[in-house]
Amino acid sequence: LGLCFQLTMSEPSSHHQLDFEDDDYDDSFENTDLIDQALLQPNIKAQTPHAAAAAHQSSSSSAAAAPSSQQSLPRLSTSSLNPAHLLNQYNASHSSAPWTLAFYQPYFNVTTRQVLQRILRAFMGPLKWDFFSVLKCESDTSDLELDVETPNESEASPSASQKSHADLWGPFWITFATALVLIIASNTIDLMNYANLDDAKETWTNDFTTVTLGIGVLYSYGFVMALLLWMFTKFLEVRLSLLDTMCLYGYSNAVAIPFYALCIAFSSIDLVRWFCVGVAFVWSALFLCVNTAMKLNTELRGTFRVYIAPIVGVMFAAHMCMGFFVKLYFLW
């Protein structure tokens, strides 16, 4: 596409420079006839020295015309032929609306390395409190990056590396996986409780209401708490976006997945289920509270730091209430 555009927009004179002279064409055709005659009639002696000299002169003239034709070709920049550059120009000219999928595409543009790194930070809990710093670090995405950055652009925007690269891919699918494992654990425990009954009168069936309830509760809790945290930080003028808080709560659900799996393995022991749920929610609550407290401590100054303890306390209490609800309703 870039080649066709450059050729069509070039000046007409450049096309005339590509044509050979008429005399060159005539000489080359004459020499071609002489060569054909020599090949078809081997008994005929070689042509006169004058014909040989003419053939040599025509070949040298055609060889000299070739570089001149190459020099007259328009120069094409590599950026104009880059498919990523053309795609960025198309996307810039066609703005996406909020009701289209293209509007949400940048929020799901994340690599496997970034997702694994953020999941690892969630499992490390209070041992690492740099989750928001990890969101600002770009991993090696050269194979997926669409923007071709020039040296001038990088010098003009030195704060580009400080931009948050939070995503919705991890929170969406991690929350869905957590709800799926929780639903399986709930039905497995229900089946084991039914098997332990001596006078069971009815046949056991799967409770599909836990599917919609489990997914709805986990997604609603994560979104509401992220929204409240973003509102408080907005009031305190903390540089924290709604996408950052949703990413924080979304990745915190990854801690509960292995503990819910242990509840499936030990579905007949209620004490183990209490232990698993308690450890999962306490560890994820520490991950939420420590990272939030460190972010607020860095951003807030003076008397505004007195709001850190109440915000973190509410987050911890709400997470513990969520843990009790999950245990008493799903994993009883």
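Remember, predicted model here, so these are calculated numbers, not experimental data. (Residues numbered from 1 in each chain as written. Predicted model: local features only at pLDDT ≥ 70, side-chain atom pairs only at ≥ 80, totals over all residues. Heavy atoms only, no water.)

Caption draft 1: Representation of the packing of helix α11 (residues 169-195) against helix α14 (residues 256-265). One way to put it is that α11 packs onto α14 with a least axis distance of 9 Å and a crossing angle of 15°. Looking at the two axes, α11 sits roughly parallel to α14. As for the relative orientation of α11 and α14, their crossing is left-handed in sense. Contacts between α11 and α14 pair Ile174, Ala177, Thr178, Val181, Leu182, Ile184, Ala185, Thr188 and Ile189 from the former with Ala256, Ile257, Tyr260, Ala261, Cys263 and Ile264 from the latter. Across the contact of α11 with α14, the residue classes tally to 13 nonpolar, 2 polar and no charged. (Axes fitted to C-alpha atoms, helices over the stretch in contact; angles between N-to-C directions. Helix = DSSP H or I, 4+ residues; strand = E, 2+ residues; numbered from the N terminus. Parallel < 35°, antiparallel > 145°, perpendicular 65-115°, else oblique. Left-handed = near helix turned anticlockwise from the far one by under 90°. Contact = heavy atoms within 4.5 Å. Nonpolar A, V, L, I, M, F, W, Y, C, P; charged D, E, K, R; others polar.)

Caption draft 2: Summary view of the pattern of salt bridges. By the definition in use, this model includes 6 salt bridges. Across the salt bridge formed by arginine 121 and aspartate 130, the nearest N and O atoms sit 2.9 Å from each other. Exposure remark for arginine 121: the relative accessible area of 13% places this residue in the buried category. Overall, the relative accessible area of 22% leaves aspartate 130 in the partly exposed class. A salt bridge links glutamate 299 to lysine 295, with the nearest nitrogen and oxygen atoms 3.3 Å apart. With glutamate 299 and lysine 295 both in helix α15 (residues 270-299), this residue pair falls 4 residues apart, about one helical turn. Of the two residues, glutamate 299 and lysine 295, neither departs from the other in class, the shared state being buried. When salt bridges with common partners are traced through the structure, they connect Arg239, Lys295 and Glu299 into a single cluster. (Salt bridge = Lys/Arg side-chain N within 4 Å of Asp/Glu carboxyl O. Buried < 20%, exposed > 50% of the residue type's maximum accessible area, 1.4 Å probe, protein only.)

Caption draft 3: Region of the structure containing a nonpolar patch on the surface. Residues Phe103, Tyr104, Tyr107, Phe108, Trp169, Phe172, Trp173, Phe176, Leu180 and Ile184 make up a contiguous nonpolar surface patch of about 900 Å² in total accessible area. Elements with a minimum of two residues in the nonpolar patch: α7 (101-104) and α11. Looking at the nonpolar patch element by element, the count peaks at 6 residues for α11. In this fold, tyrosine 107 is placed in the loop between α7 and α8 (112-124). (Patch = residues over 30% accessible without salt bridge, like charges linked within 9 Å, V, L, I, M, F, W, Y side chains within 5 Å. Areas by Shrake-Rupley, 256 points an atom, 1.4 Å probe, with all protein chains shown as cover.)

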